[in-house]
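Below are the chains, spelled out letter by letter.
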Amino acid sequence: MSKEKKCTVCGKPSPDFICESCQSNIQAEAVGRKSKMEKQVKVGGSIADKRSKQE
């Protein structure tokens, strides 16, 4: 008797640990977070540069 595999995220039947739909959503969310963090670093860095130039 073989146990039907399910996506660990959504619970739908899937041949993989995580279905393609959930995997795409997770990757897109990670890319979005990364770009947001990079923007914060660029803004924070430019502010620090301006402050050091003013001194």
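Just above, that's the structure.
Residues numbered from 1 in each chain as written. Predicted model: local features only at pLDDT ≥ 70, side-chain atom pairs only at ≥ 80, totals over all residues. Heavy atoms only, no water.

Peer 1: Sorry if this is basic, but what is going on with the pattern of salt bridges here?
Peer 2: Any two side chains of opposite charge can pair, so long as their charged atoms come close to each other. Taken as a whole and judged by the stated rule, the model has two salt bridges. We note a salt bridge from Glu29 to Arg33, for which the minimum N-O separation is 2.8 Å. Remark: Arg33 and Glu29 occur in helix α1 (residues 20-54); sequence separation between them is four residues, near one turn of the helix. (Salt bridge = Lys/Arg side-chain N within 4 Å of Asp/Glu carboxyl O. Helix = DSSP H or I, 4+ residues; strand = E, 2+ residues; numbered from the N terminus.)

Peer 1: Looking at this structure, I do not really get the environment of Ser35. What am I missing?
Peer 2: Assignment of secondary structure puts Ser35 in helix α1. We classify Ser35 as partly exposed; its relative accessible area is 31%. There is a polar contact of 3.0 Å between the side chain of Ser35 and the backbone oxygen of Gly32. (Buried < 20%, exposed > 50% of the residue type's maximum accessible area, 1.4 Å probe, protein only. Polar contact = N/O pair within 3.5 Å; in protein donor to acceptor, adjacent residues only side chain to side chain.)

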